[in-house]
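# A look at the structure
Each chain is listed here by its residues.
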Amino acid sequence: MTDVTIDETALIAAARTAARNAHAPYSKFAVGAAVLLTDGSVVTGANFENASYGLTLCAETVALGTVSASGRLRDVAAIVVIGGAMDAAGRPTGTGPVSPCGRCRQVINEAAQMSRRDLPVVCAAAEGDAVRRYRLSDLLPDAFGPADLGIA
Ligand code: THU
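Where helix H2 (residues 59-69) contacts helix H3 (residues 102-115), the axes come no closer than 9 Å and their chain directions differ by 20°. Regarding the angle of H2 to H3, the classification is roughly parallel. Crossing hand, H2 versus H3: left-handed. Contact residues: H2 offers Glu-60, Thr-61 and Leu-64, while H3 offers Arg-103, Cys-104, Val-107, Ile-108 and Ala-111. Looking at the contact of H2 with H3 residue by residue, the class counts come to 5 nonpolar, 1 polar and 2 charged.

Another aspect to go through is the sheet that holds strand E4 (residues 120-124). Spatially, E2-E1-E3-E4-E5 is the arrangement adopted by the 5 strands of the open sheet, whose pairing is mixed. Two strands in the sheet have a free side with no partner beyond their single neighbour: strand E2 (42-46) and strand E5 (131-135). The average angle at which neighbouring strand axes cross in this sheet is 15°, direction not considered.

Calculation rules
- Residues numbered from 1 in each chain as written.
- Predicted model: local features only at pLDDT ≥ 70, side-chain atom pairs only at ≥ 80, totals over all residues.
- Heavy atoms only, no water.
- Axes fitted to C-alpha atoms, helices over the stretch in contact; angles between N-to-C directions.
- Helix = DSSP H or I, 4+ residues; strand = E, 2+ residues; numbered from the N terminus.
- Parallel < 35°, antiparallel > 145°, perpendicular 65-115°, else oblique.
- Left-handed = near helix turned anticlockwise from the far one by under 90°.
- Contact = heavy atoms within 4.5 Å.
- Nonpolar A, V, L, I, M, F, W, Y, C, P; charged D, E, K, R; others polar.
- Pairing = 2+ DSSP bridges.

Written out as structure tokens, the structure reads:
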């Protein structure tokens, strides 16, 4: 696995809680992400849509942007993503695990490069126990990264 103990149940719970703050009035699809740092702390994010649609920020990007803003990209140890269609109360529903979109995979790769870890990516659902476990290299093989720019 990795050099940090991953409490997957707690991270899924954190991502589910974060998804309740999704701003997703257009898609009505709430996503939550929980990023585990090496000191055991957890940074969360939820998708943040806007009326232009195309400028939406995904949950993983919001969470990792927050991690970056606190100067801790090198400390990322794992990321969990959950999501599902919102019910009338705005809560995500459904038992199917959600995978990071292509853009988010590239954003996760930046954390993977900075932390020098092939990051665990855990995809879970809004409800139930279904989980898919990956490494980033499974989801984004041959990623474009700093080495392609000549940066070690
Ligand atoms: N979404 C995420 O937050 N993360 C992903 O990896 C996939 C998609 C959001 C974007 C949009 O607000 C909603 O899910 C439907 O696409």
